Amino acid sequence: MPRTQLHNPAPRVCIADTDGGLCAGLADVVAEAGASAELVTFDQDLERILSEEHWDVVILGLELSGRSGLERLRRLETRRVYRRLPVMVVADCPELEFELPDVFDFLPAPVDSERLRVFLQQALQLQTPLNTRQYDPLTRDDLFAFQDFLVQHSGLRFDLRNKNMLERGLQRRMRVLGIDRYRAYLDYLTTSPYCHDELSRLLRLLTVGETCFFRYLNQFEALQRQVLPELLEHRRADRILRIWSAGCSTGAEPYSLAIVLREFFPETRDWDVRILAGDLNPQALHKARSGVYGARALRMTDPAIVDKYFHLHDKSYILDQSIRRMVRYHSLNLQRHNYPDEAQGLAEIDLLMCRNVLIYFNRDTCRSVLERFYRTLRPGGYLFLGHAETLASFSTRFERLSGAGGFFYRRPLHEEVRSAEESEHPAPATSAILHDVSPKHSVASFAPPAVGSLGGAPNAKSNAGLPSPNREEIPSTGSLATQCREAAQAVAREDYSEACRLYGDILNQDPRHCDALTGMGFLHANQGDYLQALQWGARALAVDDLHADAYFLRGLAFELDEQWEKAREEYRKALLIDLDFVMPYFQLSRIYQRQGRIEDARRELSNTLKRLNQLLPGALVTHSGGFSREELIEICRSLLERIEAR
């Protein structure tokens, strides 16, 4: 019967049962749904099941405990039958759901008959073969609708930068469910009686990330040489160590930490060491608990470590059981879960790793998560973020430290007294690399003002900013040049009120000091006042129309206001003046990524790397938010890897 005749009075449902009879009794449910059931033996008739076109729905039993369970799973995955028609899987192992993200529904045994009836009726209403459905790209309105939904229900934020990832995940689930329109799928996510399960399936497709052991080697160098020795010395009296990997993906990060402790700090064998690891994605947690990895996951690992802690089986590497026992995994939604939580062990943490997670969150969620991280850490506890992440714009409560070519954060040992207003509204501090600021003013129709009175200086108490322009010092008195360097240093150590005071002093003495004018502009841009930022940039250009930093400032202000074309124009002007100016290339690559112009993004990242290689080792990259040459090189390489992986 062709698929277009699904309203035939007796649609056909194939039930391929297991030797243990997992699907026993399901024929009655099929009959209640108005369909006829045909029972077949999975092993004997699998090829016919997968090749015949007259089924309307297939129900497959998978008994992993049986002799041929894994073989059945392999054959099902190889043939991908669910690309043509709805497939519902009944299994004795609930974790198998993580291996089958494309099935119409997954039913753990014993089967919930009401659930089966609901999904069976839905599957029988499909009108066309699943693999013939084509989808248009997400519109801006649809993107914003899913963005709001996902932020509300998971804390994850998808914008123009990761629109393609969201689009692929949505289309994959829509095709399986036979849904034609994005808004119809959004309605399904909000109104289906089992919408929570569907959201979980979608999130598994959206959050599985590439990872590897000992990723960001400079951070592990800092952990081994500086952070862990300090923590162990501090905790030597009670011999307790608490580590939390928040957003652990498939487990490479927490297991890497366990290996470091076992290999370089053997005295901790007699300590009470607990490594907790959580992730939103249950499929990732399932893989993490298994401890089985491919060679690519070990590409950054010393071969001696691989030989000592992994066992090669076929083409897979199995982590030693002694290391796996050191890590305890848990489901984690950073937006919704409570922490600190002593009952769950999420309190008095010594070391908290949350790398490449904040990039999924909006500004308010980041602030909330970081405030709770602060309270979850012990005084003196450390926080490590991803290389493209800083606390800029989100929190000023942590101390920023550096070591081994990287930087990280620490909750101060001694708390400062903070007002209620400061605790609720921390002063922003933005890096040019990471900014997700909601604009306070539109700058679409701004015309640069004439140079005049200074006015409009940012409030020192609430102000923060990017590294001030100190790349090319224009003629000034020695005193002013020294003050300008001091202002740049104040920004580098995130003392923004001091930076504002110093720039103000300079401009009181010399209202035409270009570096101070642009420095004030960066402070305003970071505060979200893009109109004022553009005005300060215009004042600098009125003094010197070849001041590359002022064009970069204007580009950043336009970019933060999501005026991509104007931002590109200003960045290009900066590069016409100074072809070795690193950050305009990097910012251009970010704009192109948001616009989906992948080849252009790749080109600008390559240009960024060329200029970085010209800098001296250890040099700080101007206007990068305090990143060193080596850190930004690794960021660019990581971004290029993501582009190549698409």
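Residue positions are given per chain, counted from 1 along the sequence in the order it is written. Residues qualify for local features only when their pLDDT is at least 70, as the model is predicted, and side-chain atom pairs are given and counted only at 80 or more; totals for whole chains, interfaces and linings, by contrast, use all residues. Calculation of side-chain values draws on the structure's entire complement of heavy atoms; hydrogens and water are dropped beforehand.

Peer 1: Please provide a residue-by-residue account of the state of the cysteines, values included.
Peer 2: Throughout, disulfides are identified as pairs of cysteine sulfur atoms within 2.5 Å of each other. Counted by the stated rule, this structure contains 0 disulfides. Cysteine Cys 366 shares no disulfide, and the gap to the nearest cysteine sulfur, in Cys 354, comes to 8.9 Å.

Peer 1: Now, about the side chain of Glu 570: what can you tell me, with residues and values included?
Peer 2: Note on conventions: DSSP H or I runs of at least 4 residues are helices, E runs of at least 2 residues are strands, and numbering of each starts at the N terminus. Here Glu 570 lies in helix H21 (residues 564-577). Partly exposed describes any residue whose relative accessible area lies between the buried limit of under 20% and the exposed limit of over 50%, with all areas from a 1.4 Å probe on protein chains only and scaled to the type maximum. The buried category is assigned to Glu 570, whose relative accessible area is 5%. In this structure the side chain of Glu 570 is engaged in a polar contact, spanning 3.4 Å, whose partner is the side chain of Arg 554. Within 3.5 Å is the distance limit for a polar contact, defined as a pair of N or O atoms, with the added protein rule that one can donate a hydrogen and the other accept it, and that residues adjacent in sequence qualify only through two side-chain atoms.

Peer 1: A description of the environment of Phe 106 should follow, citing residues and the corresponding values.
Peer 2: Mapped onto the fold, Phe 106 is located in strand E5 (residues 105-108). A relative accessible area of 2% places Phe 106 in the buried class. Two residues form a contact once any of their heavy atoms are found within 4.5 Å. In contact with Phe 106, other than residues within four places in its own chain, are Val 89, Ala 91, Cys 93, Pro 94, Leu 96, Glu 97, Leu 100, Arg 115 and Arg 201.

Peer 1: Can you lay out the sheet that holds strand E8 (residues 292-293) for me, pointing to particular residues and giving the numbers?
Peer 2: Whether two strands pair depends on DSSP finding at least two bridges between them. One open sheet accounts for 3 strands, arranged E8-E10-E9; its pairing is antiparallel. The sheet is open, and its two borders are formed by E8 and strand E9 (310-313), each paired with just one other strand. Two strands pair when backbone bridges link them, and E8 and strand E10 (residues 316-319) are joined in this way by 2 bridges, in the antiparallel orientation. Across the sheet, the residue bridging to Val 292 is Ile 318, located in E10.

Peer 1: An account of the packing of aromatic side chains is needed here, citing residue identities and associated values.
Peer 2: The description of an aromatic ring pair uses the distance of the two centres, along with the angle that the planes make with each other. A pair of Phe, Tyr and Trp rings is counted when the ring centres sit within 6.5 Å of each other, with Trp represented by its six-membered ring. The angle between the planes then sorts it: under 30 degrees is stacked, over 60 is edge-to-face, the rest tilted. In this structure the tally under the stated criterion is 17 aromatic pairs. Geometrically, the ring pair formed by Tyr 255 and Tyr 293 is edge-to-face, given 6.5 Å between the ring centres and 85° between the ring planes. Residue Tyr 255 is found in helix H10 (residues 252-264), and its partner Tyr 293 is found in strand E8; the two are separated by 38 residues along the sequence. Their ring planes at 75° and their centres at 5.7 Å tell us that Tyr 255 and Tyr 329 sit as a pair that is edge-to-face. Pair noted here: Tyr 255 is in helix H10 and Tyr 329 is in strand E11 (residues 327-331), with a separation of 74 residues, a long-range link. Residues Tyr 255 and Tyr 329 agree in their burial class; the two are buried. The rings of Phe 213, Tyr 255, Tyr 293, Phe 310 and Tyr 329 are connected pair by pair, giving a single aromatic cluster. The aromatic ring of Tyr 374 is capped on one face by Arg 411, whose charged end is 4.6 Å from the ring centroid. Whether a charge sits over a ring comes down to the Lys NZ or Arg CZ being within 6 Å of the ring centre and within 35 degrees of the ring normal. Seen from the ring of Trp 536, Arg 539 lies directly overhead, with NZ or CZ sitting 5.1 Å from the centre.

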